[in-house]
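# What the coordinates show
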Amino acid sequence: MDRIDRKILNLMQRDAGRTNVDMAEEVGLSPSSCLRRIQRLRKTGVIERIVAILNPAKAGRAIKALVTVELKLHGEQHMRRFLDIATREPAVSHAYAVTGETDVVLMMRLHDMEEFDALCDRLFRDQHNVARFFTMIVIRTAKEETALRLAEAGR
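Residues numbered from 1 in each chain as written. Predicted model: local features only at pLDDT ≥ 70, side-chain atom pairs only at ≥ 80, totals over all residues. Heavy atoms only, no water.

### Quick notes on the nonpolar core
Definition in use: For our purposes a nonpolar core is just a set of buried Ala, Val, Leu, Ile, Met, Phe, Trp, Tyr and Cys residues, chained together by side-chain atoms within 4.5 Å. Buried means the residue's accessible area, taken with a 1.4 Å probe over protein chains only, is under 20% of the maximum for its type, while exposed means over 50%, and partly exposed covers the values in between. We count a stretch as a helix when DSSP gives it H or I for four or more residues in a row; a strand needs E for two or more, and each element gets its number in order from the N terminus. Contacts are residue-level and defined by heavy atoms, with any inter-residue pair within 4.5 Å sufficient.
By size, the foremost hydrophobic cluster in this structure holds 21 residues, and its most contacted members are Val 69, Phe 82, Leu 106, Met 108, Leu 123 and Phe 124. Contributing elements (two or more residues each) for this core: strand 1 (63-71), helix 4 (76-87), strand 3 (104-110) and helix 5 (113-123). Looking at which element gives the most residues to this core, the answer is helix 4, with five residues. When residues no more than four places from it in sequence are discounted, the contact partners of Phe 82 are Val 69, Leu 71, Val 104, Leu 106, Leu 123, Phe 124, His 128 and Val 130. Core analysis: the second largest hydrophobic core is formed by 12 residues, Leu 9, Met 12, Ala 24 and Val 27 among them.

### Some points on the pairing of strand 2 (residues 92-97)
Our working rule: At least two bridges found by DSSP between two strands is the condition for calling them paired.
Alignment of strand 2 against strand 3, held across five bridges, turns out to be antiparallel. Paired with Tyr 96 across the strands is Val 105, a residue of strand 3.

### Notes on the pattern of salt bridges
Let me state the cut-off plainly: A side-chain nitrogen of Lys or Arg and a carboxyl oxygen of Asp or Glu constitute a salt bridge if their distance falls within 4 Å.
The final tally for this structure, using the stated rule, is 14 salt bridges. Notably, a salt bridge pairs Glu 48 with Arg 49, separated by 3.2 Å at the nearest N-O pair. A salt bridge links Arg 80 to Glu 76; its shortest N-O distance comes to 2.7 Å. Within this pair, Arg 80 and its partner Glu 76 are both found in helix 4, separated by four residues, close to a single helical turn. Among the ionic contacts, a cluster of salt bridges with common partners joins Asp 2, Asp 5, Arg 37 and Arg 40.

### Some words on helix 3 (residues 31-43)
Formally: Here the expected length of a helix is defined as 1.5 Å per residue gap, with one fewer gap than residues. Throughout, the arc means that of the directions going from the helix axis to the C-beta atoms.
Between the first and last C-alpha of helix 3 there are 18 Å, a value that for 13 residues agrees with the 18 Å anticipated at 1.5 Å per step. Among all positions in helix 3, only Cys 34, Arg 37, Ile 38 and Leu 41 are buried. Buried residues in helix 3, looked at end-on, bunch into an arc of 100°, giving them a common side. Helix 3 presents Arg 36 and Lys 43 as exposed residues on the side facing more than 90 degrees away from its buried surface. Summarising the contacts, the buried residues of helix 3 are in contact with helix 1 (3-14) and helix 2 (20-27). Of the residues trailing helix 3, Gly 45 is marked for its positive phi of about 90°.

Shown next, in the form of C-alpha cells:
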C-alpha cells in the first residue's frame, strides 16, 4: 500500500459516496487508475466492505449501552457460546472478548429501556453462563470515529 492508496482510503473513509472521478482528481490519477486501485484494495481485503453510517437517533436507536459481562465458566468454548448468542441479538452492534476481569464487552443501540430489559432477560438472566453484568448508558458522546488512522509512508 503506497501513499496514493492511503489517500484514496482516507477519502473513502470520510465519504465513500464520492464519485470515482472526484476521488481520482483529488489524488492525481486518471479515473481508470483510481478505480483499479480501489478494486485491488477490495480484492486484497484492505477495504472490507462499504456501508452507510446512519444517525442512530433518526433511525430510532438513540440509546447506547455498554455492557461488561463476567462469565461463570471460562475457556474458548464457553466464550464462543456466549458470543454466538449475543451476536444474534439485533441490538448488539459490537461484541468483544477482552482480557482482564471482564470477559465480554457489548455495545448496544436500543430503541428504549423496555427493549433493553427484554434483551437482559434473554442474554443475562436466562442461564447463559453469566455470573454478572454491568451496564453503562452513554449520556454524551465526545468522539465516535469509524475511520482508521493510516500511517504515513515510512512509518
